[in-house]
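This is what each chain is made of:
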Amino acid sequence: MDKRIKRDTKMMKLIVGLLLISSIDAHAITFNEAVKALQAHESIKAVDFKSRALSEEAELKGSWGDPKFKIAAKNFPKDTLEKDQTPMTGIEFGISQKIALTTKYGNIEDAFKSLANAYQFQANDKKEALAKGLWEILIIKRKVSEELSILNENNTWISKILKVSKRLYSTGKTSQQALLDIEIRKSEIESEINNKKYNLSQIDDRLQYLIGSTSIETTSIPWSTLKSVSKKIIDNRELGLKERLKAKELSLSASKLNYVPDLTVSLGYTKRSNIDGNGDFVGAAISFPLPFSGEKYSKHGKAVQEKYMAVKNYENYKRQKVRDISVLEKEIKKLLGELSILKERTIKFARNSREITSKSYGLGNSTYVELLQSELKLQKILMHKVMLEAKRDIKRATLKYVKGEPLNE
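Here's what I pulled together on the structure shown here. (Residues numbered from 1 in each chain as written. Predicted model: local features only at pLDDT ≥ 70, side-chain atom pairs only at ≥ 80, totals over all residues. Heavy atoms only, no water.)

1. Observations concerning the overall build of the chain
- Counting its secondary structure elements, the chain contains eight helices and four strands.
- Along the chain, helices (α) and strands (β) appear in the sequence α-α-α-β-β-α-α-α-β-β-α-α when read from the amino end.
- Against the compact-globule benchmark of 22 Å for 409 residues, the chain has a radius of gyration of 39 Å, which places it well outside the compact range.
- The C-alpha extent of the chain, read off along each of the three principal axes, is 140 × 65 × 45 Å.
- Looking at the chain as a whole, 34% of its 409 residues qualify as buried.
- Sequence separation of 24 or more characterises 82% of the internal contacts of the chain that already satisfy a separation of 6 or more.
- As displayed, the chain has an accessible area near 25,000 Å², and 57% of this comes from carbon and sulfur atoms.
- Separation of charge centres in the chain, based on 73 positive and 52 negative side chains, amounts to 6 Å. (Helix = DSSP H or I, 4+ residues; strand = E, 2+ residues; numbered from the N terminus. Rg over C-alpha atoms; globule rule 2.2 N^0.38 Å. Buried < 20%, exposed > 50% of the residue type's maximum accessible area, 1.4 Å probe, protein only. Contact = heavy atoms within 4.5 Å. Areas by Shrake-Rupley, 256 points an atom, 1.4 Å probe, with all protein chains shown as cover. Lys, Arg positive; Asp, Glu negative; His and termini not counted. Charge placed at Lys NZ, Arg CZ, Asp CG, Glu CD.)

Written out as C-alpha cells, the structure reads:
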C-alpha cells in the first residue's frame, strides 16, 4: 500500500514537472518564428505602404488627364435673354482633351514605378536590418548570460573560500581584516549578479518590441549561420539605389521631352434657333502653351542635377561597401587571433593560478590579498573572452548584412 502511494506521488510530481516545463516553453518561440514575426513589424509595413502609394501615384502621373466637357450659353441679349433674337445666340456643347506629342508621361509613370521599386527594396533591406538587430540582441543576451554564469561560479568559489577563511581565523592563521575584505568581495559579486539580471530584463524588453516575445528557444538559434558563407547574395540597398538612379534618368528624359508642349484639342457644337437658316454651328480648336517662362528650363536643370546626385550616391555606396567589408574582415580576424590566445593559454594559466593560490591560502602559505588578486584576474580574463566573442559575432552579423547574405538560414 505504502509503495503504491509512493509510486503515485512520484507520478504526480513528474506530471506537475512536465506541466511546468510545457508552460515555460509555451512562452518561448523558435528562431524561425521570431524571424517571421519581424516580417510584420510596423517599420517594415510603413515602407511597404509607401511603395504601394507610389505605384498608385505612377498611374496618376502617367495619365493625360480626363477629357473636359463644357456647356456655354453664347450671345444672349442682355436686356431680354431671348434665344431667338440674333443669329449668333445659342447653347454650345464642347469637349476638350489634352494630348501629348511625346512619350513624356510614359517616362514619368515609369520613373514613379522605379521609385516604388526602390522603396520595396528599402522594405526588404529593413527586414534584413531588423534580422541583424535580432542577432545583436541575442548575442548580447548570450554575453550577459555567460557573464552571469561566471559571476555565479565565482560567488560559489568565494563562498567556499569564506568558509576556509573563517576556519583559519578561528585558528589564528588569518586576520579579521581578511574576513572583512573577502565578505566585501562577495557582496560586490552579488551586486554584479543583480545588475546582470536587470540587464537581462532590459534585453527581454527589446525582444518584446522586436518580435512580440521575451524569449527564444536557445536550441533553435542557428549560431553556425554567423560564420557560414552563403552564395545567395541580395544587396537590397544597392538594388534600391539602382532603382532610384533609374527613376532620375527617366525623370531627366521626361524633362527633355517637356520642351515639346502638350496640345489641347477642343470640339464644339452650338445649338441655335436658326433665324438665318444656316442651322447649328460646329467648331474646333487647338491650343498649346508658349515656352516663354523659365519653368521648363528650371525643371530640366533640376532633373540633371538630381540624376548626377543619384549617380554619385550609387558610386559612393559601392566604394563604401568594399571598404566596410575589408575593415570588418580584418577586425574579425584580429578578434579570432586574440580569442585563440585567450582560450589556449591565458585562461588555463589564470585558472591554475587561482587554484594554486587557493590551496596555498588554505594551508596558510598565501595571503588573502594574493587570493583575491588571482580571483579578480581570472574573472577579468573570462569576462574579456565573453566580450570578445560577442564583438566577433556582432561583426560577423554586420558583415553578412553588408554583403547582402541572408541572416535567417
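Okay, back to it.
2. Quick look at the nonpolar core
- Judged by nonpolar contacts, the single largest core of 54 residues is most densely connected at L134, I182, I211 and I216.
- Elements supplying a minimum of two residues to this core: α2 (31–39), α4 (104–170), α5 (176–211), α7 (295–362) and α8 (368–403).
- The leading source of residues in this core is α4, at 16 residues.
- Contacts of I211, omitting those with residues within four sequence positions, involve I29, A34, A37, L38, L134 and I216. (Core = buried A, V, L, I, M, F, W, Y, C linked by side-chain atoms within 4.5 Å.)

3. Let's talk about the packing of aromatic side chains
- A complete count under the given rule lists three aromatic pairs for this structure.
- Considering the side-chain rings of Y259 and Y297, the 5.3 Å spacing of their centres and the 50° angle between planes classify their relative orientation as tilted. Remark: Y297 occurs in helix α7 and Y259 occurs in the loop between α6 (236–257) and β3 (263–272); sequence separation between them is 38 residues.
- Taking the relative accessible area as the measure of exposure, Y259 reaches 32% and is therefore partly exposed.
- According to the relative accessible area criterion, Y297 is partly exposed, its value standing at 49%.
- Following the ring pairs from residue to residue traces out a cluster consisting of F31, W135 and W223.
- It is R272 that lies over the ring of F281; its NZ or CZ is 4.0 Å from the centre. (Phe/Tyr/Trp six-rings, centres within 6.5 Å; stacked < 30°, edge-to-face > 60°. Lys NZ or Arg CZ within 6 Å of the ring centre and 35° of its normal.)

4. Details of the side chain of E147
- With respect to the helices, strands and loops of the structure, E147 is situated in helix α4.
- Of the residues examined, E147 reaches a relative accessible area of 5% and is grouped as buried.
- For E147, the side chain forms a polar contact with the side chain of K196, separated by 2.7 Å.
- Apart from the residues within four sequence positions on either side, E147 is in contact with K196, M383 and V386. (Polar contact = N/O pair within 3.5 Å; in protein donor to acceptor, adjacent residues only side chain to side chain.)

5. Quick word on the pattern of salt bridges
- Scanning all chains against the criterion turns up 32 salt bridges.
- D276 is the salt-bridge partner of R272, the closest N and O atoms lying 2.7 Å from each other.
- K359 serves as the salt-bridge partner of E355, at 3.4 Å between the closest nitrogen and oxygen. With E355 and K359 both in helix α7 and four residues apart, this pair spans about one turn of that helix. (Salt bridge = Lys/Arg side-chain N within 4 Å of Asp/Glu carboxyl O.)

6. Looking at the sheet that holds strand β1 (residues 68–74)
- Reading across the sheet, the four strands line up as β1-β2-β3-β4 and stay open at both edges, with antiparallel pairing between neighbours. This sheet does not close on itself; its edge strands, each paired only once, are β1 and β4 (281–287). Neighbouring strand axes in the sheet, compared pairwise and without regard to direction, differ in orientation by 20° on average.
- As judged from the seven bridges shared by β1 and strand β2 (residues 90–99), these two strands associate in the antiparallel manner. Bridge pairing links K68 to S96 in β2. (Pairing = 2+ DSSP bridges. Axes fitted to C-alpha atoms, helices over the stretch in contact; angles between N-to-C directions.)

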